[in-house]
Amino acid sequence: TVFVKGAADVLLTRCTRELVGGESRALDEERRARIASDVEHMASGALRTIGVARRTIERPSHADAGSGLERDLEFLGVVGMMDPPRPESREAVSTAQAAGVRVILITGDHPATASAIAAELGIAPADAAVTTGHDIDALDEDGLQHLVGQTTAYARVSPEHKLRVVQALEHQDQIVAMTGDGVNDAPALKAADIGIAMGIAGTEVAKQAADMVLADDNFATIV
């Protein structure tokens, strides 16, 4: 049995069936829309959402491994996790903004989750638009230059998108500090004027690529 987890909206496109009360059913467009609506509702409450699916295959081999297996899946459900910002984060964001630092949220989470967290921390108004990685892919360099000048919340981004955003801001003579913890964050951390890695959750690759390591993984420590 192959189990797959990831962004629910992306995972749904790879599913043809769903599991309901122990029964496997065909996944039609009406159900896809209902599931997507439920995910949107969870995400708008600042929950981080992860979709889960599975597929049963015959005699697997190493040659089958990879994204080729991630098709014709059976959708199992969505997990919603609360990962609340630390109590001191909002004050730290406000302090940074008062000092002339523009704080930007950039995450792989659902756009509605990013919007809710950005509003909660005072990074962006509740009704502010959230830019996605798909939006970035559609832009040339001139379009990206215009975008980064006004966007404060990004969602569903890949490490490549983070790097492009950092480089676009630097092209405007902005001094950019970038936080990250994963191996894939290393290029953006290295490209930033100040790369900031998480000391607890961060990988060794991220720490080595960074200029600053947070021993407590706390944004307020940066301030």
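Treat the numbers as computed from the prediction; the structure is a model and nothing was measured. (Residues numbered from 1 in each chain as written. Predicted model: local features only at pLDDT ≥ 70, side-chain atom pairs only at ≥ 80, totals over all residues. Heavy atoms only, no water.)

**Student:** What am I meant to see in the pattern of salt bridges here?
**Tutor:** Scanning the entire structure with this criterion turns up 13 salt bridges. When the shortest N-O distance is used, the salt bridge between Arg48 and Asp83 registers 3.2 Å. Note that Arg48 is positioned in strand E4 (residues 47-55) and Asp83 in the loop between strand E5 (73-82) and helix H3 (89-98), a separation of 35 residues in sequence. A residue is classified by how much of its surface remains accessible, and Asp83, at 44% relative accessible area, is partly exposed. (Salt bridge = Lys/Arg side-chain N within 4 Å of Asp/Glu carboxyl O. Helix = DSSP H or I, 4+ residues; strand = E, 2+ residues; numbered from the N terminus. Buried < 20%, exposed > 50% of the residue type's maximum accessible area, 1.4 Å probe, protein only.)

**Student:** Explanation requested: the sheet that holds strand E1 (residues 2-6) in the structure shown.
**Tutor:** Within a sheet, neighbouring strands are paired by backbone hydrogen bonds and run either parallel or antiparallel to one another. In spatial order, the strands read E1-E4-E5-E2-E3; together these five strands make up an open sheet with mixed pairing. Of all strands in the sheet, those with a lone pairing partner are E1 and strand E3 (23-26), marking the two edges. This sheet shows a mean twist of 35 degrees between the axes of neighbouring strands, independent of strand direction. Sheet topology note: the E4/E5 ladder contains eight bridges and is antiparallel. Considered in E5, the bridge of Leu47 is made with Met82. (Pairing = 2+ DSSP bridges. Axes fitted to C-alpha atoms, helices over the stretch in contact; angles between N-to-C directions.)

None of the figures reported here should be taken as evidence of function without further support.
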